[in-house]
Amino acid sequence: MPEATLHFYLTLTQIGIAIPTLVALLWISAPYGRHAREGWGPTIPARAGWILMELPACALFAVIFFLGDRSLELAPLVLLPVWQAHYVHRTFIFPFRLRAEGKRMPLSIPLMAVGFNSLNAYVNARWISHLGEYAASWLYDPRFLAGLAVFAAGMAINLHADTVLINLRAPGESGYKIPRGGLYRFVTCPNYLGEILEWTGWAIMTWSLPGLAFAIYTAANVGPRAVSNHRWYVEKFGDEYPK
């Protein structure tokens, strides 16, 4: 089978698994963070889990990218750090910002994430550096510029929202508080809203089926998580939680 055909089918597979992911997560909250619970098998330290699950999207993406025939062309070389801006942070910075001492997560969670992130790394990296074609002129195409703006806005929202959450508790404190300020005035999980915007921007700036596939999966994955978090806040804080 030609690689282009295989790549196309794998991209469709990524879109296809968004549907059962959405349905499953609307019914079952993934058991980590505030939704952590027993019964999901062996656990590992939460910080190690975050690094493990995000590593393929950073390292494997870079390896696959530089194996592409167009990897040294200007437009792909500009797209590469856009992707890595998110995943270098998620892999090597975000886990160490968390107050994760003593916290654990089921090993099954990062292992499932490794599977998806490996597929996603291949589908997107192989497209932008080998199977897709991006002339240098693409860098001033309105679609690239609009997508980059949406991506940047989403990343700024995501980083700010994460910072608010991380700073809710002083060192040594435990328990949960209501996050306030910024977009928390309007939505329960602006960190997830920011991620959806980031990968919607990526889909626009790459103008590709692989980019669209990732944007769809992101919404299917973190959207239900936001619903679960909203339900949790309402149940825990009642009338104190903003309507």
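Bear in mind the structure is a predicted one, so any value in this text is a computation, not a measurement.

S.K.: Give me the overall build of the chain: which residues, what numbers.
M.R.: Looking only at helices and strands, one finds seven helices and two strands in the chain. Rg of the C-alpha trace for the chain: 19 Å, near the compact-globule value of 18 Å for 243 residues, within the 12% margin. Dimensions along the principal axes, computed over C-alpha positions, put the chain at roughly 55 × 40 × 30 Å. Evaluated residue by residue, the chain yields a buried proportion of 45% over its 243 residues. Taking contacts inside the chain between residues at least 6 apart in sequence as the whole, the part at least 24 apart equals 82%.

S.K.: Describe in detail the packing of helix H3 (residues 74–97) against helix H6 (residues 190–206), supporting the description with residues and values.
M.R.: Two elements in contact, H3 and H6, have axes whose closest approach is 11 Å; the angle formed by their N-to-C orientations is 160°. Classed by the angle they form, the pair H3 and H6 counts as roughly antiparallel. The crossing of H3 and H6 is left-handed. Of H6, the residues touching H3 (which contributes Leu79, Val82, Trp83, His86, Tyr87 and Arg90) are Glu195, Glu198, Trp199, Trp202, Met205 and Thr206. For the contact of H3 with H6, a count of residues per class yields seven nonpolar, two polar and three charged.

S.K.: How would you sum up a nonpolar patch on the surface? Please name residues and give values.
M.R.: A contiguous nonpolar patch, built from Met1, Leu6, Phe8, Tyr9, Leu12, Leu209, Leu212 and Ile216 and spanning about 730 Å² of accessible area, is present on the exposed surface. Going through the elements one at a time, helix H1 (3–27) and helix H7 (209–237) are the ones with two or more residues in the nonpolar patch. Relative to the elements of secondary structure, tyrosine 9 occurs in helix H1.

S.K.: Any chance you could break down the packing of aromatic side chains for me, citing the residues and the numbers?
M.R.: Scanning all chains against the criterion turns up 20 aromatic pairs. Summarising the aromatic geometry, the rings of tyrosine 87 and tryptophan 199 are spaced 5.7 Å apart at their centres and angled 25° between planes, so their arrangement reads as stacked. Taken as a pair, tyrosine 87 in helix H3 and tryptophan 199 in helix H6 lie far apart in primary sequence, 112 residues in all. We note that tyrosine 87, like tryptophan 199, is buried.

S.K.: Quick one: what's the story with the nonpolar core, residue by residue and with numbers?
M.R.: Counting residues in hydrophobic clusters, the biggest one holds 31 residues, and the most contacted among them are Phe61 and Trp202. Those elements that provide at least two residues to this core are helix H2 (46–66), H3, helix H4 (108–131), helix H5 (142–166), H6 and H7. The element contributing the most residues to this core is H4, with seven residues. Excluding its chain neighbours within four sequence positions, the residues that come into contact with phenylalanine 61 are Pro56, Leu80, Trp83, Gln84, Ala121, Asn124, Ala125 and Ile128.

S.K.: Any details on unusual backbone geometry? Residues and values, ideally.
M.R.: Of note, the phi angle at tryptophan 207 is positive, near 45°, even though the residue is not glycine. Assessed through its relative accessible area of 54%, tryptophan 207 is described here as exposed.

S.K.: Which residues make up the confidence of the model for the chain, and what are the values?
M.R.: Here the chain shows a mean pLDDT of 94. Residues at 70 or above account for 100%. Here strand E2 (residues 104–106) stands out as the least confident element of the chain, with mean pLDDT 91; H6 is the most confident, with 98.

S.K.: Can you tell me about the side chain of arginine 126, naming the residues and giving the values?
M.R.: With respect to the helices, strands and loops of the structure, arginine 126 is situated in helix H4. A distance of 2.7 Å separates the side chain of arginine 126 from the side chain of glutamate 3, its partner in a polar contact. What arginine 126 contacts, discounting residues up to four positions off in sequence, is Glu3, His7, Ile64, Leu67, Gly68, Ala121 and Leu131.

S.K.: Can you explain H6? Please cite residues and give values.
M.R.: Its 17 residues place the ends of H6 24 Å apart at the C-alpha level, agreeing with the 24 Å of an ideal helix rising 1.5 Å per residue. In terms of residue burial, H6 counts as a mostly covered element, since 12 of its 17 residues are buried. Among all positions in H6, only Pro190, Asn191, Tyr192, Gly194, Glu195, Glu198, Trp199, Gly201, Trp202, Ala203, Met205 and Thr206 are buried. Tucked into the core, H6 has its buried residues touching H3, H4, H5 and H7. One or two positions beyond H6, positive phi appears at tryptophan 207, with a value near 45°.

S.K.: Kindly report on the packing of H1 against H4, identifying the contributing residues and their values.
M.R.: Taken N-terminus to C-terminus, the directions of H1 and H4 make an angle of 135°; their axes are 10 Å apart at the nearest point. Compared by their axis directions, H1 and H4 come out oblique. Here the hand of the crossing between H1 and H4 comes out left-handed. Residues Glu3, Ala4, His7, Leu10, Thr11, Gln14 and Ile17 of H1 form the contact with H4, whose participating residues are Phe116, Leu119, Asn120, Tyr122, Val123, Arg126, Trp127, His130 and Leu131. Looking at the contact of H1 with H4 residue by residue, the class counts come to nine nonpolar, five polar and two charged.

Cut-offs and rules
Sequence order as written defines residue numbering, which begins from 1 separately in each chain. Totals for whole chains, interfaces and linings use all residues, but because this is a predicted model, local features are given only for residues with pLDDT of at least 70 and pairs of side-chain atoms are given and counted only at 80 or more. In computing side-chain values, all of the structure's heavy atoms are included and hydrogens and water are not. Counting from the N terminus, the helices are the DSSP runs of H or I reaching at least four residues and the strands are the DSSP runs of E reaching at least two. The quantity called the radius of gyration is restricted to C-alpha atoms. Its globule counterpart is 2.2 Å times the number of residues to the power 0.38. Per-residue accessibility, obtained with a 1.4 Å probe over protein chains only, is compared with the maximum for each type, and a residue is labelled buried under 20%, exposed over 50%, and partly exposed between these values. By definition in these notes, contact holds between two residues if any of their heavy atoms fall within 4.5 Å. As a rule, the C-alpha atoms of each element are fitted with a line to give its axis, helices using only the stretch in contact, and angles between N-to-C directions run from 0 to 180 degrees. The labels follow the angle: roughly parallel below 35 degrees, roughly antiparallel above 145, roughly perpendicular from 65 to 115, and oblique for the rest. Crossing handedness follows the turn of the near helix against the far one: under a right angle anticlockwise gives a left-handed crossing, and clockwise gives a right-handed one. Residues were grouped as follows: Ala, Val, Leu, Ile, Met, Phe, Trp, Tyr, Cys and Pro as nonpolar; Asp, Glu, Lys and Arg as charged; and all remaining residues, including Gly, as polar. Residues form patches when they are more than 30% accessible in relative terms and have no salt bridge. Like charges link within 9 Å. Nonpolar side chains (Val, Leu, Ile, Met, Phe, Trp, Tyr) link within 5 Å. Accessible surface is estimated by sampling points in the Shrake-Rupley manner with a 1.4 Å probe; for residues, cover comes only from the protein chains shown. Salt bridges are counted wherever a side-chain nitrogen of Lys or Arg sits within 4 Å of a carboxyl oxygen of Asp or Glu. Pairing of aromatic side chains requires ring centres within 6.5 Å, counting the rings of Phe and Tyr and the six-membered ring of Trp. Pairs whose planes differ by under 30 degrees are stacked, by over 60 edge-to-face, and all others tilted. Definition of nonpolar core: a set of buried residues of the types Ala, Val, Leu, Ile, Met, Phe, Trp, Tyr and Cys, connected through side-chain atoms within 4.5 Å. Per-residue confidence from the predictor is reported as pLDDT, which spans 0 to 100. Here a polar contact is recorded for every N or O atom pair within 3.5 Å, except that within protein the pair must consist of a potential hydrogen donor and a potential acceptor, and residues adjacent in sequence are included only if both atoms are side-chain atoms. Expected span of a helix, by definition, is 1.5 Å for each gap between consecutive residues, and there is one gap fewer than residues.

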